[in-house]
Each structure stands twice: as C-alpha cells, then as structure tokens.
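# Coordinates in review
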Amino acid sequence: MSATYGYTGKFLRVNLSTGEISTDDTAKYLDFIGGEGMAMKIMWDEVPAGTHPFAPENKIVFGTGPLCGSGVPCSGRTNITSLLPSNPYHAVSSSHMGGYFAVELKYAGWDLIVLEGKSPKPVWLRIEDGKVRLEDARWIWGKGIFDTMAMIGSQMGKEAQVAAIGQAGENQLNLAVIRTGSSHSAGGHGGVMGAKNLKAIAVRGTGSVKVAADRQALMDADKYMMSLIGANNQMVVPSSPLPWAEFHNPTSRWNAKPGLFWGAANPPVETGECDPRDMQSVGKRTFKAVFDLGAAAEKRTVRMGGCAHCPIRCHSQLKVDELAKYGMDTYVSNTCMGYFSPRGIMYKGIKAFDGYDAADAAVIGTALGAKLADDYGMWCNYGQIGRDVKFLYESGTFKRVLPAEEYASIPWDKLQAGDATFLIDFYDRVANKKGEIWHIADGAYWLAERWGLGKEYWDSKDVKLWSPLGFPVHHSNEAGAQVGALISCFMNRDAQNHSHMNFIGSKLPVEIQREIAGEIFGSPDALDVPNNYTRMNEYKARFVKWSLNRSRLHDSLTLCNWMWPMSVSPLKERNYRGDTGLEAKFYSLVTGIQKTEAELDRDSERVFTLFRALTVRSMGTVDMRNAHDQTVAWVTKQDAGKPQFTPGTIQMEQEDLELGRSMVYKAYGWDEKTGAPTKATLESLGLGEVAAELGAKGLLPA
Amino acid sequence: MTDNQSTLELSCGAIRAASADGRLCALGDLPALVAEAQASAAARAAADPRAAPTKDAGAPTTAASIEAALSADAPDDIKMMRGKDGPYYFSELSMTAAYAKHLFRVAEKDPPRLVAETARDESRIYPRPASLGSLLEPPFSLSADELARALAEIAERPEYADIRRCAASNGDEYVYSDAHLSPAHAESLAEWASVGEKDNP
Amino acid sequence: MGTTNDAARPENEAKTQSRRDFLKITGAGLAGAFAAAALGCVSVETRDGRKVKAWRTSTGAIVHDPNLCVGCRRCETACTIRNDGKASAYVSRIKVSRNLNYGPEGVTAAYAVADGQLGNFRLVGETCRQCSHPACGDACPVGAITADKKTGARVVDARRCVGCGACADACPWGIATVDPETRKSTKCLLCDGDPNCTKNCPTGAIAFYPWEEAEALLFGSDANSGASAVSGATA
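Residues numbered from 1 in each chain as written. Chains lettered and ligands numbered in written order. Predicted model: local features only at pLDDT ≥ 70, side-chain atom pairs only at ≥ 80, totals over all residues. Heavy atoms only, no water.

### Observations regarding the pattern of salt bridges
- Across all of its chains, the model carries 79 salt bridges over all chains by this definition.
- One salt bridge in this structure joins Glu653 of chain A and Arg535 of chain A, with 3.0 Å as the shortest N-O distance. Of this pair, Glu653 of chain A sits in the loop between helix H23 (624-627) and helix H24 (654-668) while Arg535 of chain A sits in the loop between helix H19 (510-521) and helix H20 (538-557), and the two are 118 residues apart along the sequence.
- Taking relative accessible area as the criterion, Arg535 of chain A reaches 46% and is therefore assigned partly exposed.
- What you see here is one network of salt bridges that share partners, running through Lys101, Arg105, Glu108, Arg113, Glu117, Asp121 and Arg124 of chain B. (Salt bridge = Lys/Arg side-chain N within 4 Å of Asp/Glu carboxyl O. Helix = DSSP H or I, 4+ residues; strand = E, 2+ residues; numbered from the N terminus. Buried < 20%, exposed > 50% of the residue type's maximum accessible area, 1.4 Å probe, protein only.)

So, in structure tokens, the structure goes:
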C-alpha cells in the first residue's frame, strides 16, 4: 500500500517464540475496515479452533483504525482482539483501551500489532517509529503498572505511550487487564500477554497520519461534528434547567452548571452554563466525578481527563491526599466502572471514619480501590466481581470453599464494617494468586464450576449475570427493552455496546426520540417508553442490528462507542437531530476511499458476521440460539406478580425474546432456527472461504 | 443605538438584556429601566458635541403605554407570560420558553402551583416523576420548609388531586401527576433514576 | 494562572530580549534600518559596533493554561491539519503531547506527584513566545525565518529552509521543529491571525494575547507555565 491516507499501510508482526519481527500489508484486510474487523480476520485465518487463550498459538491483535490519529473527534481508542480466557469456550472477544496509545502507534507508522508465540523470558516490545525490537523485561516483571510505565518512560523518553500488564496479567488471571496511561483499561486479555511473557508494548511516533481530503473540508467536517456533539454518552440535555435549554434531566451526564467547580484545580475551574454553541466549554459539560462519586468529589477534582482527540472528558482525575496514609499515590484517575467496581466489592458500603463523613469516606475508599486495581491490572468483569464477593460471602460459599486457615486470615470484619482497607488485602491476594480466594478472578463461569455455584447464583437478579456464559448485564433489558436485551445476547462477554445507549439515554423527551427512531429505523415503535414496554417488532430488530453493526464499525475505525453514533444533537434548531452518516463522511474524507453510510454499515455487517462465524467455530455447534444466545432465568422472571409489557416492569418474556432472536437472525440473513450464518449469507459478504471451512467442519446450518 | 430610540426599542433592549442575564423582565420594572436608558442616552448626547439636539423625552413613560407598545409592535423574539400581578417578558434570543416558564412560576410566588405544574409537565413531557431534590436547586430554589408546606397544601386542594408522591429505595422523593403517569410506572421510573441508573453506568 | 515552572534548558541559554531592550540597542541608529522592514527583520549596527538583527515585534503570542488543559490534544491536530494537511503531534507548533505523561521535566522518581497525567494531572503545553529577539531566527543561516507582515509571527519560509535544525537547537523551549517527513523546519505562524489551536480547544485553555499581555504572561514574575522563567529570558 503506498500513498495511504488514514491507514499507514503496514502492520507489525511479532513472533515472541522466535523473536522475529516483520512487516505486513494492511491493504489485504481493507474489506474489514480496520481495528477489530482486521483482527477478526486474522484470528479466523491464523488461530485454529480449540486453541487455549494462554497457548503460544493464540494471537493477540492491538488494532487501530484509519481514523486514529487524524484528530476526528473521539478517535483515540485501541481495540485489542484475542481469545477470551473468562469465556467458557475461550471464544474470541475484543477489549478496548482509550488514552493515547493508538494515536502514538499510528504516528509511529503502524496500523496494527499482531503478536504470537511465547517469549522464553519476559520481554517488552519497543517501537520507535520504524525501529522495533524486543527488550529484556527482567527489571519490570513483577512491578505494578504505574512503575512499569515510568521505568519504560525513563528509557524511551517521556513521550512514549505504554500498554502494560500488572501482576494480575503476569499471573495469567482470567480477570486481568491491559492498561495504558493514567486509567485506561482493556478488560480480559491481560493474562494473554502474561502467558506470552510480554510485559508491555511501548511506542514513540514522530510521524503523522495523512488525510486525503482538502484541509478545509476536513476542518469543516470537524466543526460540523462539534456542533452536534453533546456530553458523555451523547446526552444532549443538561441536568439543570438552563436558559439556553428547552429540556433538562437531573440524571444527565451534561451536569455542568454555574457554581459547580473542578475544586482541586488551582484556581478552581467553574464548569458553568456550557451553552451548546460555545465550542470552548465542550470539555466542561460532563463533570463525571460528581456524577459518579457524588458532591463529595467536587473539591477533590483536579480536572476531567480522557482520550486522545476527544473533547468530552469522562475520566475523573482526583487529588485524594488521604491515600498517603495507606502508602498509595495520592492522585487517582478513572471513569465510572473503575471506581464502581471496588465500591461494589465493599458491598456493605464504605463507612465514615476518622472525622470523614460517609460521603467523603466513600470517595477515599473508592479511589483507594481504583488505584490498587489499576496498578495490579485487575479486571472486574464489568463490576461482576463485587456482586460475586457479596454472593460468596452472604451464601457462606467462601466459608465452604476456602481452607479454614485461609478463611480465618482474611479481614472479613473490615468488609462488614465498611473499612475500605479490606481492598488492600483483597487485591493483593487475588492479583498475586494467594491461597484459593484468587479463583474469584476466574470469572463467573469458571468460578461457578469450581466452587459449585448453582441456581441461587445464576438465577439471582441481584447477582445480575445476564448470560449462562458468565457475563453480566451491560445496557441490557433496562436499555430499550428487547433492543438492549438482544444486543446483550450476541457477544462473548458483556456487550460493551452503547450504540443504542447514546440514543436511548440522550435525555430528550421520549416522543422526540421516538420520532427520530422512526427516521432511522422505520417506525417510532423501535423505541419503547422507558419502563412501559411493548412486544417485539421488526423495527426493534433493525435497531438491534444497527447497534451491533455500529459497535463493530467504531471498534474498527476506531471511534469511541461511548460517544458515537451522533443520532441526536443538543440543537433545538435541528429539532435535536444528529447525523448518523458522520462515520462514513469522516472515513471518506480521511482515507479518500468513498463510502456511503450504507456501504460502511455493510462492511461492519461483514465484521460482525465473521465474529459470529468465529464463535460458531469455537463452540463447535450451529445451535447458537440455545448454546449461546440465551439469558439466565431472572430476566424473564424478575418482577414476579407484575405481568410483562405493563407499565412499571422491565421484565422480558421468553417467547417474545425467542421471536426477537428470530427477527435478528433474519435481519442478518442467518438461519432463523439456529442463528448460525448461512453459506449464502457468508458468500454474499465475500466470506466464501469462511463458509467453506465451516462447511467442512459441519458447522453450516442445514 | 441612536439617542432617539423609542420607548418600544428601549423596552425591548431592557427585556433582551435581562434574558441574556437569565432573568425575566416584569412590566412593572420597565418604566424605570426605560427612564434609566433615556437618561444615559441624554447624558451621552450632552457630552458629544457632534450630536443633534435631543428631542424632549416628554412625560415619563407608563407601564400601560409600554404594555400597549409591546403588544402592538414587539419583534418576534419578545414573548410575554401573564402573571397574577401583570405580564412578564423575555427574549427567545437568549432564553427558551421552557426556562422562562420555570422563572415565571417562581415569580408568581405560589409554591404549590409551581410544584404541581412542574410535576405535571415532567410527567407529561419526558415522561418522569419530578425529583423533590431538584425543586430545592436553581432556578426553583424552594427552601425545604416552603417545599414541605407546598406539598401539604397540594394534598388538601381538589385542583391538585392528580398530584401524587412516591419514593425510591434510597429515600429520594418524587412527585408526579397520575393524569400522565400511573403509580406503577412513576414508582419504577423513580427507582430507575435514583438507584437503577447509577447501578448501570 | 498557575505558578511558574522552572523548566530550564541549560544547553540553550540564548538570550531573548524584550521590546524595551530592542529599542535600547538600536537607539538612534535606526536610520535606514527599516529599509528592509518588509522582512520584519533587519541587520543593524549598534553604537558599540555589534551587528544585531532587529525584529518587528509580534502582534502577540499564544499562551497555554495548564489549569484548564484537559489533554485532549485537539490543538495539535487543529494545527497540523490546517498548516500541514496531515495530523501529527511531533510537528504541532503547540506542544502538549511531549509533556502529557510526565510533565516538562520527564520521568523522575517522584513522578506520582510531578506534572503530567501520571502525576498531579497538570498538563503543561508549550507555545511559541514569538520572542522579540528570536533565537530561532537569529540562528538560521539562510534567513528563512522572518516576521510575518500581518501578524508579526516569526515564520519559516519552507522554500529557503535547508532543514539544518539550527533553529530547533537554538530555541530555549524547543518549539521550532524539523519535520522528519519533509525535512523542513516549522514553527508557530499564528495561522495568519486566526489561530486554529485556540478555536478548537474545548476548555478555552489556549488564548491569543496581544504582545504586552503575552509578554507579561510568558516572561513576567507571574509567568504561566508553558512559559518558564528560563535563565536568560528577561521581560
């Protein structure tokens, strides 16, 4: 590939067993867009079914897309694809981390990094533009992530962007992350790097991303998008009534207002009125610290941080002096789940102590946990780990499965008393694989198997698992009825899908949203009034398909699916309409490859279908409906006594969900009975080879 | 701005300035504001040797004459809401009608009506029950006492029979209109807003 | 504004002088000095026989406020898309990424409390001071750097630049940068009077100040970081 725009045209292959480093051509994979799409194709072609995630034969692909580095709003994410250790079938999955790593990799001249094999001893990968080599990691192996990054920075220079694992990943925990920057975590694949003896990847790039379009055209598109962008999760309505706003919603993430400050800035920075026409206050709209952690976080907030080229800052960067008491660094950054998961482990709450009231104590304790988890590189299975702790303690399971001596040595009294120093002991035991308790990091499925957890675990609404595959709720039936519910059924971990949320959660009146849904999906019936659900219909199926496709698109371009698509806008003069054609517009401008919205959606459909084929191959069955796409029992039973589809309940109905599955299968051209991709559909997407292999294995539907 | 601006122009200027500042403009305030603007204009004219001699301002403008001028000839952005003590004005150039309505309800100094009508609007528009906590914040800024008395009075008055209360499991309280939201729906929405949404980030 | 940041660069202690000093040097010996004023920069002989370049003062300079900066780096791509037709951090004429992680000092053992994302979250962006006596312009052996007629910004003429890097070495703040892809130097040109970084900052952390104010912010005792009280730089 020469004279490439957007793409650099080349990607890196690293064989950790042999130490061989080579270059490959991105052009071969253009049909799969970039990032996640290209990674899925590489996984299909190169990693056989039955491979264990920790085996040298597994590959892990760090992916960027053509838009990373170009400055398009919210284009800083890295997509990481590999086999997923916490999944019962070790099926393929993607994780993502924000920050600046993807952009640096592009500036160094690389679209992707494909790693395979296992290094005989711990190494880190050093990339300085075109100069790539493996370095001895003896001096950083065993260290936490923060020190690891600093030590690498002292070698490579302060500008280097690092992706690293901590002790959790080194110890090949299923629930381990790969992390970059202050607080950006990709969940589930840390152990894969650990199994390969790869401690970190560090990049320094002095190059650039070329753009095909005339500069003014790109600047105009940026200006246009910035006029449509709202706040975090594309909420376009402020939390307080404000003179410029027609609507407000107290639960909105557009929670800036006069008199609300980043209190630990010097001097404090007022978030203020943030009129949507004021382009210089976009970064103040979302005060996530107060949104996530309450009013007590205001005085501790230095600023809001986030990812490269994103004007919406959703990482709360706090100054918590009290952490010095625990031997911790006093500056902590994270976004919602990074704080919520340690808070979830402290399931009885964090109690007032030492002159700090409960609200302050909660911020301190939560920050302590977030910093610990980020240093060890622990994953939480989207907050599941906290609910698991609660269940395991309250049901007496810990007492039953842990050796008596180990059980006695754990400071349960602190957990019960709401003393957050429990987390210091907890994370140390788990990340460092001490005793038996560390198996909580196997993930729900393997944990249930090992510790004999039955119906009380799986069928409990409080435990909040979604799938028999062991992953939890994440914008499921509480997010647009069957739309969220079905989206949650199709992935190999919690869906991490906000295509629907960034519309459903916009905080506009539901009638306006239903009008817009009508324009995008063909009928307002695609979107139910919250908590007043109706039966499944074909428009909801279209909404599901669109959402699944757009997530793949964003993870391939890469764009942040916690902001995109721009289905709505804050502008009254546009009737709050956004522009769902913006991904295609930027793709065309940056790469020079002209694609319409429909064409790019078709490419994403190819990516998603390939992902489905990969899952079929991993699971060795075509019966996806029953083996993969089901929910646990409480989903259809949660509000016993309230009939489904009446106001006040979000309970689903089994028959209705099965109809929904059939409709989504049909929308994708998959077999309506089993939900497996058909030969005809695969071939129509240019995936004939995939069809052939599946056919040879007896994995095509009849 | 010329020195010989009419009463209408000066009134609109005052209304727009108030709206830009996030405030309504009561008719009762306009005569003084207009007089002030005329005096400044006259002072500027007197200080400027090149200015033409000012026309005599004549008798001070009355509220009645301002009201008449506005209702006859006000430009499209100037809007009016009629309160029990007279009209309030705002400019749509810098304030939405929705926000102006909140300010209007505050200005009317009838907390039960403010609470009930806000509850009805939110129950109808979004739909959602209205959070009592939000009524203590700007622009409503009711005191806890005022709110408690308003709720007590609402419970007594037949014209507010549709107004009901509910609470989330964390203690947050809400008020809604059962003309637009059934109790089951309102309760589940309250629970979602106060508890559910935070549990599903 | 934030406190002064002493990011000294001892290897580049070029003296940058203010407008007042400029007038002191040239004094009455300005006859004919502005004959070549079209270039915004002329050579004059001082009373004591030194040959110095005299520069037209810039209309102003861009100043970065670390207290407001949220590290999005939109300024960098705004700069390079507009001025280079490509997206880059290295070539950006406002420098944020190099201090993003560990501040201007770089990695230290006390990184957790130092500037940067891995420390106290303070993000020190560095901007061109449009020095009244620019070290970059004085160092250029081919006269490729001159003061723009309209804005007074010290601008590299890419047609004359030979990519030697003398400007980059001379600048105490490392603003002038040789683009490794074009092998030409480039530095802040104030975007013909409408700076693109400023417009695209989502928190208003970047502002263009007219010269007197800019000078005070960048060199005065209240100097904002991004600026530094570098030894040798005087108000």
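Following the structure, the description resumes.
### Some remarks on the packing of aromatic side chains
- Counted according to the given criterion, the structure contains 33 aromatic pairs over all chains.
- Geometrically, the ring pair formed by Phe247 of chain A and Tyr126 of chain B is edge-to-face, given 6.0 Å between the ring centres and 80 degrees between the ring planes. Of this pair, Phe247 of chain A sits in the loop between helix H6 (215-228) and strand E14 (261-262) while Tyr126 of chain B is found in the loop between helix H5 (111-125) and strand E4 (130-131), placing the two residues in two different chains.
- Classification of Phe247 of chain A by relative accessible area gives buried; the value is 11%.
- Residue classification places Tyr126 of chain B among the buried residues on the basis of a relative accessible area of 9%.
- Relative to Trp458 of chain A, the ring of Tyr457 of chain A lies with its centre 5.6 Å away and its plane at 80 degrees, an arrangement referred to as edge-to-face. For the residue pair Tyr457 of chain A and Trp458 of chain A, the accessibility class agrees, reading buried in each case.
- Within the aromatic cluster, the residues linked to one another by ring pairs are Tyr393, Phe398, Tyr407, Trp412, Phe422, Phe426, Tyr427 and Trp451 of chain A. (Phe/Tyr/Trp six-rings, centres within 6.5 Å; stacked < 30°, edge-to-face > 60°.)

### Looking at helix H22 (residues 597-619) of chain A
Residues and elements named next belong to chain A.
- For H22, which comprises 23 residues, the first-to-last C-alpha distance of 33 Å matches the rise-based estimate of 33 Å (1.5 Å per residue) to within 8%.
- Taking burial as the measure, the 23 residues of H22 include 18 buried ones, the bulk of the element.
- Just beyond H22, the residue with positive phi is Gly620, at close to 65 degrees. (Expected span 1.5 Å × (residues − 1).)

### Re the interface of chain A and chain B
- Counting residues at the interface gives 31 residues for chain A, matched by 29 residues for chain B.
- Regarding the contact of chain A and chain B, the summed buried area is about 2,400 Å², with carbon and sulfur atoms giving 56% of it.
- Three residues, Pro241, Pro243 and His248 of chain A, lead the burial of chain A against chain B; their summed loss comes to 23% of the area buried on that side.
- Across the contact surface, chain A and chain B share two salt bridges.
- With a closest N to O distance of 2.4 Å, Lys507 of chain A and Glu197 of chain B form a salt bridge.
- At the junction of chain A and chain B, the tally comes to 14 residue pairs in polar contact (both at pLDDT 80 or more). (Contact = heavy atoms within 4.5 Å. Buried area = accessible area lost by both parts, 1.4 Å probe. Polar contact = N/O pair within 3.5 Å; in protein donor to acceptor, adjacent residues only side chain to side chain.)

### Let's talk about the arrangement of the chains
- The chain pair with the greatest number of contacts, out of two pairs of chains in contact, is formed by chains A and C.
- With no contact between them, chain B and chain C keep their nearest C-alpha atoms 21 Å apart.

### Here we look at the interface of chain C and chain A
- Listed by partner, the interface residues are 50 residues for chain C and 59 residues for chain A.
- A combined buried area of about 4,100 Å² lies between chain C and chain A, and 53% of that area is made up of carbon and sulfur atoms.
- Among the residues chain C hides against chain A, the three largest losses belong to Asn67, Arg74 and Phe121 of chain C. Together they make up 16% of the total.
- Viewed at the interface, chain A and chain C are joined by two salt bridges.
- Our enumeration of links across chain C and chain A arrives at 32 residue pairs in polar contact (both at pLDDT 80 or more).

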